[in-house]
Structure formats: structure tokens, C-alpha cells
Amino acid sequence: MLKIKNLDVQIADKDVIHGLDLDVKAGEVHVVMGLNGTGKSTLLKAIAGSYETKSKGIMEYFDKDLLSLSANERATEGIFMSFQNPIEIPGVNTIYFLRTALNEQRISRGEKSLSSVDFMKRVQEKMNFLEIDKSILQRSLNVGFSGGEKKKSEILQMMILEPRLILLDEIDSGLDIDALKSVAKGINSLRGKQTSFIIITHYNRLLEYVPPDFVHILDHGKIVKSGNASLAKELEEKGYEDVLSST
Amino acid sequence: MFYLLPELLRQSSMFSHIPTKKEEKWRFSPLGEYLNREYKKVPLAHKDILDKPKEEYWIYLRDGHVLELKLPPSVHVKHTPFTLELNCFEDIDIYLYLDYSTQSFVDFRINIIIQEHVHLSLYYSYEGGEKAFILHSSHIKLEPYARLSQTQVHNLSTQAVSIVENRVHLDKNSFFKNFSLLKEGEYIHNFFHTDLHYQSEAEITSLLLTHQRQKSIFSCDVNHLGDRSTSQVLSKQVIRDKSTCVVDANTLITEKTKATEATQASHALLLDEDAHIHSKPHLQIYSDDLSASHGSTVGELDQEAISYLCSRGISEEKARSMLISAFINDILESIDDTGHKEHILKTLGEDDA
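Residues numbered from 1 in each chain as written. Chains lettered and ligands numbered in written order. Predicted model: local features only at pLDDT ≥ 70, side-chain atom pairs only at ≥ 80, totals over all residues. Heavy atoms only, no water.

Draft legend 1. Expanded view of the overall build of chain B. Helix and strand content of chain B: four helices and 21 strands. The globule rule puts the C-alpha radius of gyration for 353 residues at 20 Å, and the 20 Å found for chain B is close to it. Each principal axis of the C-alpha atoms in chain B carries an extent, and together these give about 60 × 50 × 45 Å. Of all 353 residues assigned to chain B, the portion counted as buried reaches 57%. In chain B, of all internal contacts separated by at least 6 residues, the share reaching a separation of at least 24 is 78%. Just so you have it, chain B exposes about 15,200 Å², and 46% of that area is on carbon and sulfur atoms. The average position of the 36 basic charges and that of the 52 acidic charges among the side chains of chain B differ by 4 Å. (Helix = DSSP H or I, 4+ residues; strand = E, 2+ residues; numbered from the N terminus. Rg over C-alpha atoms; globule rule 2.2 N^0.38 Å. Buried < 20%, exposed > 50% of the residue type's maximum accessible area, 1.4 Å probe, protein only. Contact = heavy atoms within 4.5 Å. Areas by Shrake-Rupley, 256 points an atom, 1.4 Å probe, with all protein chains shown as cover. Lys, Arg positive; Asp, Glu negative; His and termini not counted. Charge placed at Lys NZ, Arg CZ, Asp CG, Glu CD.)

As C-alpha cells, this is what we get:
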């Protein structure tokens, strides 16, 4: 699904990622861990096509050159990124935003836009599943949302848009245990043969609910160690210094 | 018959002399650029109204002449060429359609009296006026406990010039609410001069949307002359291309007035490098018993917000449009009259709202 070779990424004219390689196949869950400032968020932003990043190298997604696509084109191709701190947008009503995003993607893919009735049915179903308070739909996007509501809103968007490659940047940070379970439930509902995930986390607790196929450690903009779920447990027990020194 | 503008201005009811940039009120006005242009006086208008208004009560004016009107007996009307008088004795919603001929010079005055406890809802629509020069002067008197909800939509031809002056006298316990949309026209100047007496209240709001080389000016003088009076002046501007907006707000709180509340706010969104805003919030306070504030902000579209919307598959163009709508939505929400709001949204269309 996603092949990254020799990727260099700059953010604010600073080299952050250097010669990174990563191969993500359909249905796989990859977890990226690492100390703060090692380039984890930058990697996801580069894949999503953020305006902040300048990328060089090879990034293929279903044989398409991802680097030649804009952020909205990548989203239309099925790439979804959940942000660590979702921005608040006053005046943009959440339900209007959701419907615009879904229908813009559908129209770009040559599909018919969803009718109001079908759209609302889809939204209600996902909201019930995630146990989200319906009042957020009429509020401005992320404005006045609690930390948990913001993260759940990101998962709601993910479930409504039904992407194929999902990038989650610290989706578990700041969540209480119930919210974490709810978010994990949302993630697992999309897990399947066709959908892949790249998840950034600092803690093992999300991985207890969302078992990964691969865990990678990122250091100084490069993947320095890869393993399975046990690597995340080892990191939690020993810390980065010990794990990386034994590499 | 064409006349040079200075000659026409000297004969007009609005000007006693030709103003210059040395006068503070006209400092940012491009009026001087029009002084060597010629305009025609239009003595008799074409009488055809292509689309008759659908509203219940309305007045249709062309080049300052009342062509046709539909009003109930509770509104006393007098009109001559270039003047109109309305005296309202019962609550009513009136739509005024004002259109203008090419290259015309129109000097029009409207006098309105709203009787005690009467609520007048008034919608002005200015249209047409290719290369025209329009002077429009409204003199409004609100008797005690009267209410006026006024909406003015300047949707003139892109080469029209329009100077609209509103002089509003609010008697005790009266209420004036205005929303002005300055959308099209080469140079649009919207003046307000409001006198507030005991426990009266004024909410004066404007939305300026400019593009190309347009210049739109919103000038608002509010005078608090009685105790417990309240004023709220709010303007938002969305400025594109090489256009310019000016917001000149001046609130005077006179000596010995008590429990006055006054706020002024101006917020500009600059969409292009050559777009300009001159914002001049000004409070003159001669009393100690008051609550007053003023503020002005200038900003661009938030790149991070655009990026977030794009990350969900929304095109950059659509994302920008959504954020511009978000910027102006709250000001549109402040329009209470649903009929007026529908007209405004229709005028704004998909591009702006």
C-alpha cells in the first residue's frame, strides 16, 4: 500500500527526517515510537502532505507518486491523519464540515454526493458507536471541545470518511480510560484487510486494545529498530536508552 | 445634459462645499478623483418595473423618483422627485428598491418618523448605477419607545459611486438596529450620525466586502446625549485584490451622562498583499459613569486551518471560502429579521457566504 524509500523531510527549513524507509502493506498496523523531537509527527505530516513539510525521496501509495499530490488529493485517495492537537475553527459548524469533507471526497472520486438523509444516518450510527454527545454537531469545529471530545471527533471523522491509510498522531494522549476504550473501539472497527494504520504513541496502553503488527523506533529522523508488539513492552520496561544501546 | 461633478455637488442637499482630504471626515475619501467627471441629471425616469417586488409593502424608486409603491394607510407618505417622507403609525416591514441609470447623478433625501411604540423594519436595496454618482440622505426620527430595524444592501454596479448618509435621532427608550452590506460599487461611503437620548439603544453593524480596486468607507459617529444609553458599533471587512476599506468610528459620551454603555469593534480579513485597511476606532469620553471599549483587529486566513480542512479532502479554494464564511457568519447571525437575512444571503451567494 505505502512504500517509502530514502525519504528526507524538512520542516521550517530544518532537516528532520533523513533517508527513512518504510513499507506498509494493506491491513497492517504499524506503530512508531521514539523520544520527543525525533521526527514522528513530521513523518505523518509528510505522508499526509502538510504545507509545513518539504519532502524528497520516494513515497508510493498504490503505485501513485504521493509527493506529487496535494494534501486534499491525498485525502481523497484515502489517506487520513488525526492530529495531535486538532485546530479549533470558529464559525465552521461541525456537521457542515463533515458533510462538505465527505461529499468533496466522493465528488473528486467520481461518486455521487450523499443525500442529507443518508449522511445523517451514517453520522448518527458512528456517533452512537463512539458514544459521542450529539451536541458537538452544531458547535464550531473543535471550539470548546474537551481534549477527549477533540480526539473522539477525529475518530468520528475517520469513521465517516472511511479511509484506507490512517495516520494517528498520539490519539491516546490526554484520554481517560473510558475515552481511550472508545477511541480504540473506533480504530478496531476500521481494522481489516484493506485498511492500514501508522500510529504514533508514547505508551503501551493503547496497544493493549489495538495490537500492532509492527513497532518501529524512530531516532534522529530514521527508523533505527523494528519489531513486533513485544518491542513496545520492552521500551516501556527499559526505556529508549537501554533498548537502543542493545541494538 | 451632462454636468461636471463639482457643479452638481454644490447644488446638492448633502454638501455646502466640496470637501477635501484636509477634513478628517473625508481624509480617506477618493472623492477628488471624481471631480473632473461628468454626470447627467435624470428628470424623468423610465417607468417600467421589470420585476415587481414580492414583499407585502414596498416602494420602488428609480433615479430618486418614486415609480410605484404599496403601503397601508398607517404609513403617511409624501413624495416629490428626489424626496420621500414616511410617517409610520403602526408596526410595518417596508422594502425600498432603489435603482439607478447609467452615468446619472442622483441627490435623494428620505425623511422618516416612527411614532411612539411603533416598530419599523426597513430594507434598502441599492442596485444598478453604472458610472453613476449617488447621494442618499436619510433623516430618521424615532419617537419614544419606537424601534427601527434597518438593513442596507449596496449592490451597485462595479463603477458606481454612492455616498449614503444616515442621521438618526433616538428619543427616550427607542431602539435602532442597522446592518449595512457594502458589496459592490467603485466607491461606497456609508455614514451614520446617531444621537442617543435617555435609555435609547443603537446597534450599528456593517459588513464590507471589497475586491478589484474598490474603496468602501464606513463612518459612524455615535453621540450619547442622555443617561443609560447604549451603543454597539461593529464592522467586519473582507478585503481582496487591490481594494481598500476604511472604518472610521467615533463615539462621543457627553458630560454628565450616566450609566452609558458603548462598544466599538472592527475586524478585517486581508486576502491579498495589495489589499488595504484603515481602521480608526475613537472614543471621546467626558463622563465618569460609563462602560466603554474599542478594538480593532487585522488578520489573514489561518494557514493551519486551511491545511486541516484540506487534510480532510476539501480543496484549498473551498477551504478558503469556508473560512471566509466562518469569519462573517456571526455578523450575519445578528440580523434578526428573517426576511432581510434571506435577501442578504441571496445577495452574498455561494462565493461569499
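Resuming the write-up.
Draft legend 2. Geometry of the overall build of chain A. If you tally the helices and strands in chain A, you get nine helices and 12 strands. By the compact-globule yardstick of 18 Å for 247 residues, chain A fits well, its C-alpha radius of gyration being 18 Å. Each principal axis of the C-alpha distribution contributes one length, and for chain A these read about 55 × 40 × 35 Å. Out of the 247 residues in chain A, the part that is buried amounts to 51%. When contacts within chain A are restricted to residue pairs at least 6 apart in sequence, long-range pairs at least 24 apart make up 67% of them. Surface accessibility of chain A: about 11,100 Å² in total, with carbon and sulfur atoms responsible for 48%. Measuring between centres, the 32 positive side-chain charges of chain A sit 4 Å from its 35 negative side-chain charges.

Draft legend 3. Main features of helix α2 (residues 303-310) of chain B. Taking burial as the measure, the eight residues of α2(B) include six buried ones, the bulk of the element. Taken as a whole, α2(B) has its buried residues at Ala305(B), Ile306(B), Ser307(B), Tyr308(B), Leu309(B) and Cys310(B). Of the surrounding secondary structure, the elements contacted by the buried residues of α2(B) are α2 (71-76), β7 (89-93), α3 (94-108), β8 (140-141) and α5 (147-161) of chain A together with α3 (316-333) of chain B. A side-chain oxygen of the first residue of α2(B) lies 2.9 Å from the backbone nitrogen of Glu304(B); this N-cap is Asp302(B). (Polar contact = N/O pair within 3.5 Å; in protein donor to acceptor, adjacent residues only side chain to side chain.)

Draft legend 4. Structural view of the sheet that holds strand β15 (residues 201-210) of chain B. Residue and element names in this part refer to chain B. Ordered by their spatial adjacency, 10 strands build an open sheet running β4-β3-β7-β9-β11-β13-β15-β17-β19-β21, and the pairing between neighbours is mixed. Looking at which strands have only one partner, the edges of the open sheet turn out to be β4 (65-70) and β21 (290-299). When the angles between neighbouring strand axes are averaged without regard to direction, this sheet yields 10 degrees. One ladder, built from nine bridges, connects strand β11 (residues 147-156) with strand β13 (residues 175-184); its direction is parallel. Its bridge partner lying in β13, Arg-147 is registered against Phe-175. Along the sheet, α3 contacts β13, β15, β17 (230-239) and β19 (260-270); its crossing angle with β17, the most-contacted strand, is approximately 160 degrees. (Pairing = 2+ DSSP bridges. Axes fitted to C-alpha atoms, helices over the stretch in contact; angles between N-to-C directions.)

Draft legend 5. Geometry of the interface of chain B and chain A. Contacts between chain B and chain A engage 18 residues on the former and 28 residues on the latter. Taking both partners together, chain B and chain A bury about 1,800 Å²; carbon and sulfur atoms supply 65% of that area. Considering only the surface of chain B that becomes buried against chain A, Tyr308(B), Arg312(B) and Met322(B) emerge as the three largest contributors, covering 38% of it. Inspection of the region where chain B meets chain A yields one salt bridge. Of the charged contacts in the structure, one is a salt bridge between Glu154(A) and Arg312(B), with a shortest N-O distance of 3.0 Å. Where chain B touches chain A, the interface holds nine residue pairs in polar contact (both at pLDDT 80 or more). When residues of the side of chain B that touches chain A are traced back to their parent elements, those giving at least two are α2 and α3 of chain B. A total of seven residues in the side of chain B that touches chain A trace back to one element, the largest contributor, which is α2(B). (Buried area = accessible area lost by both parts, 1.4 Å probe. Salt bridge = Lys/Arg side-chain N within 4 Å of Asp/Glu carboxyl O.)

Draft legend 6. Region of interest: unusual backbone geometry. A positive phi angle, near 65 degrees, is found at Asn142(A), a position not held by glycine. Summarising the element assignment, Asn142(A) is placed in the loop between β8 and α5. Given a relative accessible area of 0%, Asn142(A) falls into the buried group. Backbone geometry places Phe82(B), a non-glycine residue, at a positive phi of 75 degrees. Relative to the helices and strands, Phe82(B) is located in the loop between β5 (75-80) and β6 (83-88).

Draft legend 7. Just a negative patch on the surface, in detail. Taken together, the side chains of Asp241(B), Asp272(B), Glu273(B), Asp274(B) and Glu300(B) define an acidic patch exposed on the protein surface. Its place among the elements puts Glu300(B) in the loop between β21 and α2. (Patch = residues over 30% accessible without salt bridge, like charges linked within 9 Å, V, L, I, M, F, W, Y side chains within 5 Å.)

Draft legend 8. Layout of the pattern of salt bridges. For the structure shown, the criterion picks out 28 salt bridges over all chains. Residue Glu111(A) is joined to Arg106(A) by a salt bridge in which the shortest nitrogen-to-oxygen separation is 3.9 Å. In this structure Glu111(A) comes out as partly exposed when scored by relative accessible area, which is 33%. For Lys280(B), the salt bridge identified is with Glu24(B), shortest N-O distance 2.6 Å. You can see Lys280(B) sitting in strand β20 (residues 276-285) and its partner Glu24(B) sitting in the loop between α1 (5-10) and β2 (38-41), a full 256 residues away along the chain. Judged by its relative accessible area of 23%, Lys280(B) falls in the partly exposed class. Residues participating in the shared-partner salt-bridge network are Glu24(B), Arg27(B), Asp248(B) and Lys280(B).

Draft legend 9. Seen up close, the layout of surface pockets. Residues and elements named next belong to chain B. Of the voids in this model, the largest pocket is the one considered here, and its volume is about 570 Å³. Lining the largest pocket we find 21 residues, and of these Asp-51, Tyr-97, Ser-125, Glu-127 and His-343 sit closest to its centre. Among the secondary structure elements, those contributing two or more residues to the lining of the largest pocket are β3 (58-62), β7 (92-100), β9 (119-128) and α4 (338-352). The class makeup of the residues in the lining of the largest pocket is seven nonpolar, four polar and 10 charged. (1 Å grid on protein atoms, 1.4 Å probe; cavity = no way out; pocket = protein on both sides within 12 Å on 5 of 7 lines; lining within 4 Å. Points joined across faces, edges and corners; volume = space filled by probe spheres on them. Nonpolar A, V, L, I, M, F, W, Y, C, P; charged D, E, K, R; others polar.)

Draft legend 10. Representation of the sheet that holds strand β4 (residues 53-61) of chain A. Residues and elements named next belong to chain A. The antiparallel open sheet is built from four strands, whose spatial order is β2-β1-β4-β5. The open sheet terminates on both sides in strands that have one partner only, identified here as β2 (14-24) and β5 (64-65). With respect to the sheet, helix α1 (residues 40-48) is in contact with β1 (2-11), β2 and β4, its orientation differing from that of β1 by roughly 110 degrees.

Spatial relationships are all this shows, so hold off on functional conclusions.
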